[in-house]
Amino acid sequence: MFHVHHGDALAVLPTITTGSADLVLTDPPYNSGGRTNAERTAQGARGKYVTGTAGHDLADFAGDNRDQRSYTRWLALVLIECLRISRPGASALVFCDWRQLPATSDALQAAGWTWRGIIPWRKPISRPQRDGFRRECEYVLWGSNGQPYRHAEPIYLPGLVQGSQPRGRGRVHITQKPVDILRQLVQVCPPAGVVLDPFAGSGSTGVAAVLEGRSFVGSEITEHYAAIARERIAAAVEQEGSA
Ligand SMILES: C[S@@+](CC[C@H](N)C(=O)[O-])C[C@H]1O[C@@H](n2cnc3c(N)ncnc32)[C@H](O)[C@@H]1O
């Protein structure tokens, strides 16, 4: 079962029932890129995250022009609503890059989630930095709504996930996350639980949730991507049904 709302997370989330989600797994628009606030706010997502050599022409997306203070405040507002929607014991897993790590952990905690840790996502294909360190990780911040859910069968999950961003025909969104990585993260959700992603993009979290036997609720502000998300998740439902 899945539902992808087309709309602004801050308008959609208040319509979702309190205590109805078992995991918040989300990849917000990072509002990152560039070294200064001026560089981050002056361009759209495409301008910041797509290099001239990328070899694709994927659609731009909205909501990536906030400065640091407004990003922290805005993300906290979204995560407050996510906390209300989540059941006690639910986890929140929020992606960020190195620039937004402090802002994201502030927002998570300001929203009332208990901060539990950081799971680095290592990308084997990444650019070397001349005279410096390779930027080969993004990060998944882990918080919980009170004490984390205790699985009837205990689970022991890895503290690091690895995998490359989809390429070629499998790439449909500028900042698409790999389904295999999301499938590993979804394991923290109780079996047959509900996964919530307020920034669904092309629906990768929904695909992972469905393939792992969970339900999915998401919102996406860019109509083009909301439609792609629905198509991809529906295909995953079919794949699961015929498995
Ligand atoms: C980093 S992308 C998510 C990509 C996704 N994980 C995937 O694999 O396709 C963030 C998404 O959030 C959407 N977005 C931005 N602001 C939003 C808002 N206020 N409410 C809902 N969605 C929003 C953007 O359109 C974008 O598709």
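It should be noted that the structure appears before, not after, this text.
Analysis parameters
Residues numbered from 1 in each chain as written. Predicted model: local features only at pLDDT ≥ 70, side-chain atom pairs only at ≥ 80, totals over all residues. Heavy atoms only, no water. Axes fitted to C-alpha atoms, helices over the stretch in contact; angles between N-to-C directions. Helix = DSSP H or I, 4+ residues; strand = E, 2+ residues; numbered from the N terminus. Parallel < 35°, antiparallel > 145°, perpendicular 65-115°, else oblique. Left-handed = near helix turned anticlockwise from the far one by under 90°. Contact = heavy atoms within 4.5 Å. Salt bridge = Lys/Arg side-chain N within 4 Å of Asp/Glu carboxyl O. Buried < 20%, exposed > 50% of the residue type's maximum accessible area, 1.4 Å probe, protein only. Near = heavy atom within 4 Å. Polar contact = N/O pair within 3.5 Å; in protein donor to acceptor, adjacent residues only side chain to side chain. Areas by Shrake-Rupley, 256 points an atom, 1.4 Å probe, with all protein chains shown as cover. Nonpolar A, V, L, I, M, F, W, Y, C, P; charged D, E, K, R; others polar.

Novice: Please clarify how the packing of helix H7 (residues 204-211) against helix H8 (residues 223-242) should be interpreted in this entry.
Specialist: What describes two packed helices is the angle between their axes and the distance between those same axes. At a minimum axis distance of 8 Å, the contact between H7 and H8 shows a crossing angle of 15 degrees. Classified by the angle between their axes, H7 and H8 sit roughly parallel to one another. The interaxial crossing formed by H7 with H8 has right-handed handedness. In this structure, H7 uses Ser204, Gly206, Val207, Val210 and Leu211 to contact H8, whose residues at the interface are Arg232, Ile233, Ala236, Val237, Gln239 and Glu240.

Novice: What exactly am I supposed to notice about the pattern of salt bridges here?
Specialist: Side chains that differ in charge, positive against negative, can pair when their charged atoms come close. Taken as a whole and judged by the stated rule, the model has eight salt bridges. A salt bridge links Lys177 to Asp27, with the nearest nitrogen and oxygen atoms 3.0 Å apart. Taken together, the residues span a long stretch of sequence, with Lys177 in the loop between strand S6 (161-162) and helix H6 (179-186) and Asp27 in the loop between strand S2 (21-26) and helix H2 (37-42) at a distance of 150 residues. Of the two residues, Lys177 and Asp27, neither departs from the other in class, the shared state being buried.

Novice: I'm lost on the site of the ligand in this one. Help?
Specialist: Every one of the 22 residues lining the ligand counts as a neighbour, but Asp27, Ser202, Ser204, Glu220 and Thr222 are closest to it. Take Ala9: an N or O atom from its main chain is 2.8 Å from a nitrogen atom of the ligand. At 2.6 Å from an oxygen atom of the ligand is found a side-chain nitrogen or oxygen belonging to Glu220. Computed on the free molecule, the ligand has an accessible area of 610 Å², of which 98% lies beneath the protein chains in the complex. Residues belonging to the shell around the ligand are distributed by class as follows: 10 nonpolar, eight polar and four charged.

Novice: It is not clear to me how the environment of Trp74 should be interpreted in this structure. Could you clarify?
Specialist: Position of Trp74 relative to the elements: it lies in helix H4 (residues 68-85). Owing to a relative accessible area of 11%, Trp74 belongs among the buried residues under this scheme.

Novice: What am I meant to see in the environment of Ala90 here?
Specialist: Its place among the elements puts Ala90 in strand S3 (residues 86-96). Judged by its relative accessible area of 3%, Ala90 falls in the buried class. Measuring from C-alpha to C-alpha, the distance between Ala90 and Ala111 comes to 14 Å, with 21 residues separating the pair along the chain. Those residues in contact with Ala90 that sit more than four places away from it in its chain are Ala21, Asp22, Leu23, Trp113, Gly143, Ser144 and Asn145.

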